[in-house]
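Here is what each chain is made of, one letter per residue.
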Amino acid sequence: MRHEWTSFWHSGVSPHGRDVDMLFGGLLLASALVLGLLFFLLTLFCIRYRVSNAVDRDHRIRKSWHWEVTWTAASLLGFLALFVWGASIYLDIFRTPPDELSVFVVAKQWMWKVQHTGGQSEINALHIPVNRPIRLVMASQDVIHSFFIPALRLKHDVVPGRYQDLEITAERSGHYHLFCAEYCGTEHSGMTGEIVAMEAADYAGWLAQQSPSASLAQEGGALFRELGCSGCHGTGSKVHAPALEGLYGNPVPLSDGSMVTADDKYIRDSILLPRSQIAAGYEPLMPSFEGKVSEDQLLRLVAYIKSIGGHRS
Amino acid sequence: MNEDNYLNAGYSLRSWFFTTDHKRIAILYFASLIVFFLIGGAAATAIRIELVTPQADLVSSDMYNRLFTMHGIIMVWFFLIPSIPNTLGNFIVPLMIGARDLAFPRLNLLSWYLFMLGGGVTLFAIFAGGVDTGWTFYTPFSTLYSNSYVAVAVTGVFIAGFSSILTGLNFIVTIHRLRAPGLTWYRLPLFLWSLYATSVILVLATPVLAMTLVLIVVERVLGVGIFDPKIGGDPLLFQHLFWFYSHPAVYIMILPGMGVINELISCFSRKQVFGYKFVAWASLAIAALGFLVWGHHMFVSGQSLLASLVFSFMSFMVAVPSAIKVFNWTATLHKGSIRFDAPMLYALGFIGLFTIGGLTGLFLACLAYDVHATDTYFVVAHFHYIMVGGMVTAYFGGLHYWWPKITGRLYSEYWARTAAVLIFFGFNLTFFPQFILGAEGMPRRYHVYPPEFQVWNVLSSGGAVILAIAYLMPLVYLGYSLFFGRRAPANPWDAPGLEWQTPSPPPEYNFDTQPVVTRPPYQYSPDFAAEPQNA
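Residues numbered from 1 in each chain as written. Chains lettered and ligands numbered in written order. Predicted model: local features only at pLDDT ≥ 70, side-chain atom pairs only at ≥ 80, totals over all residues.

S.K.: Please explain the overall build of chain B as it appears in this structure.
M.R.: The helix and strand inventory of chain B stands at 15 helices and zero strands. Its C-alpha atoms give chain B a radius of gyration of 23 Å, near enough to 24 Å, the size a compact globule of 535 residues would have. Structurally, chain B occupies a C-alpha span of about 65 × 45 × 45 Å along its principal axes. Burial statistics for chain B: of 535 residues in total, 63% are counted as buried. In chain B, the proportion of contacts linking residues at least 24 apart, taken out of those at least 6 apart, comes to 85%. (Helix = DSSP H or I, 4+ residues; strand = E, 2+ residues; numbered from the N terminus. Rg over C-alpha atoms; globule rule 2.2 N^0.38 Å. Buried ≥ 20, exposed ≤ 12 C-beta atoms within 10 Å, placed from the backbone. Contact = placed C-beta atoms within 7 Å.)

S.K.: Even after reading the chapter, I still don't get the nonpolar core, so can you show me in this structure?
M.R.: When a protein is soluble and globular, its nonpolar side chains tend to lie buried together. Counting residues in each nonpolar core, the largest one holds 259 residues, and the members touching the most others are Val105 and Met138 of chain A together with Leu192, Cys366 and Ala368 of chain B. Setting aside its immediate chain neighbours within four residues, Met138 of chain A contacts Val105, Ala107, Phe147, Val158, Tyr163, Gln164 and Leu166 of chain A. (Core = buried A, V, L, I, M, F, W, Y, C linked by C-beta atoms within 7 Å.)

S.K.: What's the story with the interface of chain B and chain A in this structure? I'm lost.
M.R.: Many descriptions give the size of an interface as the accessible area lost when the pieces come together. Across the boundary between the two partners, chain B contributes 69 residues, which contact 68 residues of chain A. Broken down by secondary-structure element, the contributors of at least two residues to the side of chain B that touches chain A are α3 (61–96), α5 (141–145), α8 (235–269), α10 (305–333), α11 (342–365), α12 (367–373) and α14 (413–440) of chain B. A total of 15 residues in the side of chain B that touches chain A trace back to one element, the largest contributor, which is α10 of chain B. For the side of chain B that touches chain A, the residue count by class is 43 nonpolar, 17 polar and nine charged. (Nonpolar A, V, L, I, M, F, W, Y, C, P; charged D, E, K, R; others polar.)

S.K.: Would you mind showing me how to read the domain arrangement of chain A here?
M.R.: Residue and element names in this part refer to chain A. Under the domain assignment, chain A is made up of domain 1 (9–47 + 66–93), domain 2 (101–210) and domain 3 (216–307). A separation of 32 Å is found between the C-alpha centroids of domain 1 and domain 2. At the interface, nine residues of domain 1 touch eight residues of domain 2. The element best represented in the side of domain 1 that touches domain 2 is helix α1 (residues 15–48), accounting for four residues. (Domains from an automatic or database assignment.)

S.K.: How do you make sense of the pairing of strand β6 (residues 145–149) of chain A when you look at a structure like this?
M.R.: If a strand is regular, its side chains alternate between the two faces of the sheet. All names here are of chain A. Most of β6 sits inside the fold, with five of its five residues counted as buried. Side chains His145, Phe147 and Ile149 project from β6 onto one buried face, and the interleaved Ser146 and Phe148 project onto a second face that is buried too. Pairing geometry for β6 and strand β7 (residues 154–158), over five bridges, is antiparallel. Bridge pairing in β7 places His145 opposite Val158. (Pairing = 2+ DSSP bridges.)

S.K.: Help me out: how do you make sense of the packing of α8 of chain B against helix α13 (residues 377–407) of chain B in this one?
M.R.: Helix-helix packing is characterised by the crossing angle of the two axes and by the distance between the axes. Residue and element names in this part refer to chain B. Two elements in contact, α8 and α13, have axes separated by 8 Å at closest approach and are oriented at 45°. With respect to α13, the axis of α8 lies oblique. Crossing of α8 against α13: the hand is left-handed. In this structure, α8 uses Met253, Ile254, Gly257, Val260, Ile261, Glu263 and Leu264 to contact α13, whose residues at the interface are Ile386, Met387, Gly390, Met391, Ala394, Tyr395, Gly397, Gly398 and Tyr401. Looking at the contact of α8 with α13, its residues break down into 11 nonpolar, four polar and one charged. (Axes fitted to C-alpha atoms, helices over the stretch in contact; angles between N-to-C directions. Parallel < 35°, antiparallel > 145°, perpendicular 65-115°, else oblique. Left-handed = near helix turned anticlockwise from the far one by under 90°.)

S.K.: What is the right way to look at the pairing of strand β5 (residues 134–140) of chain A in this model?
M.R.: All names here are of chain A. Among the seven residues in β5, five count as buried, and that is most of the element. The pairing of strand β1 (residues 101–108) with β5 spans seven bridges and is classified as parallel. When the sheet's bridge partners are listed, Phe104 is paired in β5 with Val137. The sheet contact formed by β5 and strand β8 (residues 164–168) spans five bridges and is antiparallel.

S.K.: Would you explain helix α9 (residues 276–289) of chain B in this entry?
M.R.: With 14 residues, α9 of chain B should cover 20 Å at 1.5 Å per step; its first-to-last C-alpha distance of 20 Å lies within 8% of that length. Turning to α9 of chain B, its buried residues are Tyr276, Phe278, Val279, Ala280, Ala282, Ser283, Ile286 and Ala287 of chain B. Buried residues belonging to α9 of chain B abut α2 (65–93) of chain A together with α7 (190–222), α8 and α10 of chain B. (Expected span 1.5 Å × (residues − 1).)

S.K.: Just checking my understanding: could you explain the environment of Gly120 of chain B for this structure?
M.R.: All names here are of chain B. You can see Gly120 is positioned in helix α4 (residues 105–128). Given 13 C-beta atoms within a 10 Å radius, Gly120 is considered partly exposed. When the C-alpha atoms of Gly120 and Phe242 are compared, they prove to be 23 Å apart, with 122 residues separating the residues in sequence.

S.K.: What is the right way to read helix α15 (residues 454–484) of chain B from this model?
M.R.: Residues three or four positions apart in an α-helix share a direction because the helix packs 3.6 residues into each turn. Residues and elements named next belong to chain B. End to end, α15 covers 45 Å across 31 residues, agreeing with the expected 45 Å (1.5 Å per residue, within 8%). Residues of α15 that are buried: Trp456, Asn457, Ser460, Ser461, Gly463, Ala464, Leu467, Ala470, Tyr471, Pro474, Leu478 and Ser481. The secondary structure elements touched by the buried residues of α15 are α2 (22–50), α13 and α14.

S.K.: Sorry if this is basic, but what is going on with the confidence of the model for chain A here?
M.R.: A low pLDDT means the predicted coordinates there should not be read in detail. On average, residues of chain A carry a pLDDT of 87, and 94% of them reach 70 or more. The spread of mean pLDDT over the elements of chain A runs between helix α5 (residues 229–233) of chain A, the lowest at 85, and β6 of chain A, the highest at 96. (pLDDT = per-residue confidence, 0-100.)

Below, the structure written as structure tokens:
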């Protein structure tokens, strides 16, 4: 028999994981108290007031507002406390991650495809260094999937048609389950993989060992020319199109007067739906690439534009 | 036995299939629901057998996905939602308020035909090739990617929805218009308050489901982009629409159960329900707040963080009236004269299981824990505690309580108590391990799973065997009682409710003279008039 059979509790191995475990303990304790009180009273009343027991039944507690108000108020206060506790950790889990080391994840029926910025790619596995926040940029090629790492107490749906940011940190090296948690068709339960958390040195070694032919940005650069993007956006182009050098991470004025930050989502949307956000001073000339580029190609283009970006200021 | 009753008013098929008598329609529903319950239960059994081992050995992945989809669709729309309202409710509501029938007897019959038509269409989809979307029909999987009979199944559910709307409408009008003289709102038995609240949800929420299902068919068949981003739709829009119906639907599935429990607790402790007005208004509060919590199914879907905060807060709020009910039931027992007949055993089991289901609901309402637990077996265990541990237990309790009235026969008390106890233990053994599986992170709808989850799955499947046998037992001893049971008196529980003041089984028009009500409900004599009749 495997050893895991006996040990069924593994504590969370992320900073949030510990908070969530504490919360779980608090919820368990509160439930045990309520359930204990209830079962005690039920048992007591059932034994004491069984019909064959000749016990004093006079002076029944009368209907009174006091009882109702007491247990209503008690439930309300308890619930409020739990709400605030759970909400504060939740906001912390899903705060927008700053620009950390990012890894692209493409979900499709029925696999997880991972692209590191250096060009390393893996399927149904994700290697990460320990104790370093990693920013995942996730996209789905087809239906809704959900990226779930129980050991990190972390899950987020990957909805097609948009990028989803998620920050993950593992505090201990090891192999952890990766599950697809949103039902996605025939091989849903086969859409699993593992998270391999490694010490920084091992991680660097692993990255080097993969020896990819080109980095993501380089592949994106090739696509940029192949798909004809460079015809308009390239230097020396005669078409009046925004230059993309130095774009990434900076504010872009739009024709409707508003400003957006050129992040992954903005770049993705601008390729697929170029007319939804027009840069100020430009004609809406660009054709949509919706249906013409896959999520795999998109993330390479994003990586390329990111690589020629950088903060101007 | 009453010589002139609704059962012997006619023996032809025509007298059953064209009846407008609410009691006969209740029987039609009851017989149909047994069939659906057995089909849905068979699917559950196959699922539990498959999950005994981590590998796929009994069925293929496609088959497994079809099994849990079929289990969900059948159990939700063709068993749980109609269970108490359309059988016990149909039978008891007019009797409880001293009326001859529901307000619209022919609509009542139409509702059964629509239900059967919807059920037939859905069963056709299931047996012609099956549906593999899960009962939630999430897009864009259901609209573009699934190669199964989605459109047909959706049509079946769509049709059955109209049966729900008609039933809800009928109950609302009946409770407003047909109460006996003197039967004021605060003299209504609490079962009626809870059915009233249920009916409001049925009428207001079901149309939203109908529209959502139509949109699925429009996208799937006509290719109009509504939910799939590839053709310009939004997948989350579907979830908002679906849960706007389906979360209130959870309350459709539990409120009638809560209503039955009031009747049982009160009768077998010989006391009026503690805090009557609070319990009555708690039902309506649940119905109202239940419309404002749908987003708690979407905490990790990508909806805005602010929306998640609001939905989490509202979910905690909707738990308050449920807590009020549990406390009031417990207080009702205080200084009662408690007898443990089979219906009371079901009622006590209900309180325990419902409370566990409710408390674990708080875990899921709690945002940060839901991130971990959603879409795992924790959720599966939680809602089975509410819907099966709660609603099905209440259904069985109510069925045993009113069985003498409905059939004019008494069942074997020994076997009834045995079944009640077995259901309680079998249920806990089946579903408690699933909380542990979920806390450990086993996702739901998994056909194969990592081996470390096996031990809890084996326990759960073992419990399911006990549970399956316990659920089949009433079929035997209640069936036996139909033919060989002793004749039931008009009022075997010595209860003051109007339904007990007419013979068992009731005459075709319920009451010979119009009853007049002069007192509040639940005026039980402190002790039972007679020894248990069923011994």
